[in-house]
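The chain contents come next:
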Amino acid sequence: MKYIVGARGSQLSLAQTNWVISELKKVNPGSEYEIKSITTKGDTDSRPLFTINQKGIFEKEVDRAVSQKEVDFAVHSLKDVPSELDESLVIACIPKREAVNDVFISSDGSSLENIKKGAVIGTSSLRRAVQVSRKRPDVTVKPIRGNIETRIKKTSGENFDAIVLAQAGISRLGVDVKFSPLPINDFSPSPGQGAIAIVARSDDTNTISMLKKIEDSDSRLEIEAERALSNYVDSGCRFPLGAYAKSSGTEMTLTVTAFSVDGKQSLHVTKTGSKNDPASLGKNVGEELRKKGVNDLALNWREKVEEWNTT
Ligand SMILES: NCc1[nH]cc(CCC(=O)O)c1CC(=O)O
C-alpha cells in the first residue's frame, strides 16, 4: 500500500515527516510513502509565527489537503496545531514525544546565567522573552526571524549574542550545535512542545489503524492534559502560557505557569490526577488558575504583542 504524506516545505517539517515515515515502515512492512510538500504562507513569510493572528494557519493549509484527499495524512509539530480541527479530521496518532525543554545557544558558549550584561538574546516567542527577562533583567531580548537554521546562524552575526529554541526542533533537524538545556521550572514549555501530531481523515479507518501502530499512549495522555488546560484558559498565541504534563505509573502531574505582561508577576499551579482522565486534570488546573486570577494577568498582553511585532 502506498500513502501520500502532506508536509510543509520547511526543513523541520520534512525532517519530522521523514522520521515518521521511517517509524511507520518498521511496523508496516511493505508500505510505501511519498511526501507531497505543500508550500504554505508560513514557509514564505519570515515573520515570527505569533505575529500572524490565527494559530496554526499554515498547518490548516496542509490539513485542507488531507480533507480534500490530495494526501492521506499530514505530519505536524503538535504545538502548532490549532485546538479545533475540521470535523472531517482527527489527530490519528501521537508518536513518542521528544525532549520538551527549551535550549540556550550562544556564540561564545556562555550560559543564560553567565552571559555578559547587556547581551542581546533572540527569540520568536513572547513566552520565552518573558522567561529570559525574569532570569536576566540585565539583558536585552529581541524578536528573531527565520527558520531554525537561520536563527542559529544569527548567533554568530553582529545582532545577537544568543538565542532560545525548542530542543526538539534541533534534535529532529540533526543540527550540530552546542547548547545548554533550560530548566523546565523557569522555562515552562509551550503546551504540546516536542510532540508530533499525525492528522488523518476521521472516516479513513485503514489509514488510522496503520498510523496507530506508532502511537505512544503516555505522550497522547500528556498532550491531552496540556491541551485541555490551554483550551480552558484559551491561551492561543496571544497569551503565553507554559504547560507541561508528565505521567508516572497510573498518575499524571500537570504544571502550568502564566506571566503578567511585564514579567513581574507569575502564577504557578501543579496538580496530580489520574493519568487516564487528562481532560479533568487539565480543567482542574485551569479552574485553579482562574481562581488565582489568571484573567487579570492576561489583561495587557494584546498591546505587548503589538509592541513586540513592531520592534
Ligand atoms: N513554533 C515554531 C516551532 N514549532 C515546532 C518547533 C520545534 C519542535 C517542537 O517544539 O515540537 C518550533 C521551533 C521552536 O519553538 O523553537
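About the cut-offs
Residues numbered from 1 in each chain as written. Predicted model: local features only at pLDDT ≥ 70, side-chain atom pairs only at ≥ 80, totals over all residues. Heavy atoms only, no water. UniProt positions renumbered as here; feature names shortened; annotations may be inferred. Pairing = 2+ DSSP bridges. Helix = DSSP H or I, 4+ residues; strand = E, 2+ residues; numbered from the N terminus. Axes fitted to C-alpha atoms, helices over the stretch in contact; angles between N-to-C directions. Contact = heavy atoms within 4.5 Å. Buried < 20%, exposed > 50% of the residue type's maximum accessible area, 1.4 Å probe, protein only.

Within an unreviewed UniProt entry, the label attached to the protein chain reads Probable porphobilinogen deaminase, and the organism entered is Nitrosopumilus zosterae. Looking at the protein chain in UniProt, the text filed under Pathway (unreviewed entry) is "Porphyrin-containing compound metabolism; protoporphyrin-IX biosynthesis; coproporphyrinogen-III from 5-aminolevulinate: step 2/4." The UniProt entry for the protein chain carries the following comment under Sequence similarities (unreviewed entry): "Belongs to the HMBS family."

### Some details on the sheet that holds strand β11 (residues 241-248)
Pairing within the open sheet is antiparallel, and its three strands lie in the order β11-β12-β13. Two strands in the sheet have a free side with no partner beyond their single neighbour: β11 and β13 (266-274). Going from strand to strand, the sheet's axes swing by 10 degrees on average, the running direction of each strand aside. Strand contacts of helix α4 (residues 126-135): β11, β12 (251-259) and β13, with the helix running at about 80 degrees to β12, the strand carrying the most contacts. Packing against the sheet, helix α8 (residues 217-233) makes contact with β11 and β12, and its axis sits at approximately 145 degrees to β11.

### Considering the sheet that holds strand β2 (residues 32-38)
As summarised here, the arrangement of the five strands in space is β2-β1-β3-β10-β4, forming an open sheet in which the pairing is mixed. The sheet terminates laterally at β2 and β4 (89-93), the two strands that pair on one side only. Taking each pair of neighbouring strands and ignoring which way they run, the sheet shows an average axis angle of 35 degrees. Two elements, strand β1 (residues 2-8) and strand β3 (residues 73-77), share two bridges in a ladder whose sense is parallel. Of the residues in β3, the one forming a bridge with glycine 6 is alanine 74.

### As for the environment of alanine 162
Within the secondary structure, alanine 162 is located in strand β8 (residues 162-166). Looking at alanine 162, the relative accessible area reads 0%, which means it is buried. The sequence separation of alanine 162 and serine 106 amounts to 56 residues, and the corresponding C-alpha distance is 4.0 Å. Not counting chain neighbours up to four residues away, the residues in contact with alanine 162 comprise Phe104, Ile105, Ser106, Ile115, Val120, Ile121, Gly122 and Thr155.

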